[in-house]
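# Residue-level structural notes
Chain by chain, the residues run as shown.
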Amino acid sequence: MPVARTHEDMLKVGVNGYGTIGKRVADAVVAQPDMELVGVAKTRPNFEAERAVAKGYSLYAAIEERADQFVKADIELAGLVDELVEESDVVVDATPSGIGAENKSLYEAHDTPALYQGGEDAEMVDTSFNARANFADASGAEHVRVVSCNTTGLSRLVAPLEAEYGIEKVRATLVRRAGDPAQSGRGPVNDILPNPISLPSHHGPDVQTIFPDLAIDTLGLKVPATLMHMHSVNVSLEAEPDAEEVRELLEGESRLFVVPERFGIDGAGKLKEFALDAGRPRGDLWENCLWGESVSMEGNDLYLFQAIHQESDVVPENVDAVRAVAGTADAAESVETTNDALGIGF
Ligand SMILES: NC(=O)C1=CN([C@@H]2O[C@H](COP(=O)(O)OP(=O)(O)OC[C@H]3O[C@@H](n4cnc5c(N)ncnc54)[C@H](OP(=O)(O)O)[C@@H]3O)[C@@H](O)[C@H]2O)C=CC1
Ligand SMILES: O=C(OP(=O)(O)O)[C@H](O)COP(=O)(O)O
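Everything quoted here is computed from the prediction, not taken from an experiment.

Moving on to the UniProt feature "active site" (unreviewed entry) in the chain. Sites flagged by UniProt as "active site" (unreviewed entry) map to Cys149. Its place among the elements puts Cys149 in helix α7 (residues 149–165). Apart from residues no more than four positions distant in its own chain, Cys149 is found in contact with His229, Ile308, Gln310, Asp313 and Val314.

Turning to the site of ligand 1, a few remarks are in order. Taken together, 21 residues surround ligand 1, and among them Ile21, Lys42, Thr43, Arg44 and Asp180 come closest. Here Thr43 contributes a side-chain N or O atom positioned 2.5 Å from an oxygen atom of ligand 1. Take Arg177: an N or O atom from its side chain is 3.0 Å from an oxygen atom of ligand 1. Against a free-state accessible area of 880 Å², the protein chains account for coverage of 84% of ligand 1. Of the residues that constitute the shell around ligand 1, the class distribution is six nonpolar, 11 polar and four charged.

This part covers the packing of helix α1 (residues 20–31) against helix α11 (residues 315–326). At a minimum axis separation of 9 Å, α1 and α11 run at an interaxial angle of 55 degrees. The angle between α1 and α11 places the two elements in the oblique class. Here α1 and α11 pass one another in a crossing that is right-handed. Here Arg24, Val25 and Ala28 of α1 come into contact with α11, specifically with Val315, Asn318 and Val319. In terms of residue class, the contact of α1 with α11 is made up of four nonpolar, one polar and one charged.

All right, on to the domain arrangement of the chain then. Partitioning the chain into domains gives domain 1 (7–147 + 314–342) and domain 2 (150–308). Computed from C-alpha coordinates alone, the two centres of domain 1 and domain 2 are separated by 26 Å. At the interface, 24 residues of domain 1 touch 17 residues of domain 2. Around 1,700 Å² of area is buried between domain 1 and domain 2 when both sides are counted, 49% of it from carbon and sulfur atoms. Ranking the residues of domain 1 by area buried against domain 2 places Arg24, Arg132 and Val147 at the top, with a combined share of 31%. Linking domain 1 with domain 2 are seven salt bridges, by the criterion used here. Between Glu317 and Arg156 there is a salt bridge, with the nearest N and O atoms lying 2.8 Å from each other. On the surface where domain 1 and domain 2 come into contact, there are 12 residue pairs in polar contact (both at pLDDT 80 or more). Class assignment of the residues belonging to the side of domain 1 that touches domain 2 gives a composition of 10 nonpolar, six polar and eight charged.

Turning to the side chain of Gln32, a few remarks are in order. With respect to the element layout, Gln32 can be found in the loop between α1 and β2 (35–42). Residues contacting Gln32, with those up to four places away along its chain left out, are Val319, Arg323, Thr337, Thr338, Ala341 and Leu342.

Turning our eyes to something else, we now look at the environment of Ala138. Along the polypeptide, Ala138 turns up in the loop between α6 (131–134) and β8 (143–146). It is 26 Å that separates the C-alpha atoms of Ala138 and Cys289, two residues lying 151 residues apart in sequence. Apart from residues no more than four positions distant in its own chain, Ala138 is found in contact with Thr127, Phe129, Val144, Ala324 and Val325.

Criteria and thresholds
- All chains use their own residue numbering, which begins from 1 and follows the written sequence.
- Chain A is the first chain written and ligand 1 is the first ligand written, with later ones labelled in order.
- Residue-level local features of this predicted model are given only where pLDDT is at least 70; pairs of side-chain atoms are given and counted only at 80 or more, and the full residue set underlies all totals for whole chains, interfaces and linings.
- Side-chain calculation: all heavy atoms of the structure are included, whereas hydrogens and water are not.
- UniProt positions are given in the numbering used here, feature names are shortened, and annotations may be inferred rather than shown by experiment.
- Helix and strand definitions follow DSSP, with helices as H or I runs of at least four residues and strands as E runs of at least two, each counted in order from the N terminus.
- What makes two residues a contact is simply this: any of their non-hydrogen atoms within 4.5 Å.
- Each residue is tested against the molecule or strand, and it is near if at least one of its non-hydrogen atoms lies within 4 Å.
- In the analysis that follows, any N or O atom pair within 3.5 Å is treated as a polar contact, provided that within protein one partner can donate a hydrogen and the other can accept it, and provided that, for residues neighboring in sequence, both atoms belong to side chains.
- Using a 1.4 Å probe, accessible areas were evaluated by the Shrake-Rupley method; residue-level cover was limited to the displayed protein chains.
- Amino acids outside the nonpolar list (Ala, Val, Leu, Ile, Met, Phe, Trp, Tyr, Cys, Pro) and the charged list (Asp, Glu, Lys, Arg) are all regarded as polar, and Gly is one of them.
- Here an axis means a line fitted to C-alpha atoms, over the contact stretch when the element is a helix, while the angle between two N-to-C directions is reported on a 0 to 180 degree scale.
- Here the word oblique covers every angle except those under 35 degrees (roughly parallel), over 145 (roughly antiparallel) and from 65 to 115 (roughly perpendicular).
- Left-handed describes a crossing whose near helix is turned anticlockwise from the far helix by less than a right angle; the clockwise case is right-handed.
- Start and end positions for the domains come from either an automated domain assignment or a database one.
- Buried area counts how much accessible surface, traced with a 1.4 Å probe, disappears from two parts once they are put together, with both parts' losses summed.
- The salt bridge criterion pairs a side-chain nitrogen of Lys or Arg with a carboxyl oxygen of Asp or Glu, the two atoms within 4 Å.

What follows is the structure, encoded as structure tokens:
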């Protein structure tokens, strides 16, 4: 049971950038027993601004010159983003790729530690972050990058395999969704793209920001889908466990959902339907979704398929990164608190 906290004890969290990731992180912060959402920042008064205010979130203008647009749209503003940053113990920057780097000086000016997302360069932060793999590295850090959805998915899988068996090499092919459901301008609409065409894709080097000594090759594609990414993974282990043993190991991981055969889930569409039936907010799947019957061993080679819900798997990681930076919990405590508060696990 989490310890009841007074208002003064609560970690004050601001969210700058209220899109796919930011709105989910804001909701997740509100659900935590030890956190308080100071507010969220946006550049313009669209439907997301309306909904944020309707939920009772304090809304801040991310760009001062555009603050009057909110007034004209009759959307109540709590202030400017500077005030949000000043009032926060930790800011989660969930702005589009590259904007986080531009915002770094804003956070430094207020001496407020900041979390960035996977679209930012690893070089701009003190450490990249995955709760399962390197929680402690973010302790007391000023600038932390929560790695991308695909890198988070790979890191969650690599961590227990590395600890239990040792890994010779990871080879992963990432079949990536073209865009998120609301991104009407993204493609391809009718094509299958090697993306990037040259090897490796950025995902392998990105996983190495979490596991510096890991041998990993990744290939990427983009397909006309919006629901989830799909990974076809081969891990050469330093041991030869049987498939059942590996499956049991993976089933013991709180953020890996090993999809049972009896569910009859044949792809991302049914996974999303399952999440909606289970009452998940926005149909989110915070866990890697890994097909149990795909877990196979050939000698020391492990093979499996996993689906990654790009819109939500990094959300619990952001919540944990807040505690890591603030130094208020260790990895096990934080993951348990986050999982309980969100309802992670089926
Ligand atoms: N979507 C995904 O699948 C994943 C994304 N990521 C990473 O998360 C980050 C955010 O991505 P995502 O949520 O998809 O992006 P979105 O475009 O959905 O959301 C970002 C929001 O930030 C707002 N914004 C733009 N400029 C600024 C600014 N200067 N200050 C404050 N807010 C601004 C925009 O809203 P408005 O202009 O209306 O205010 C926009 O809606 C990126 O680094 C991305 O790589 C990581 C994992 C998965
Ligand atoms: O970080 C992501 O994917 P990536 O790990 O393939 O770069 C997110 O799904 C965002 O991808 P996008 O840059 O295609 O919007």
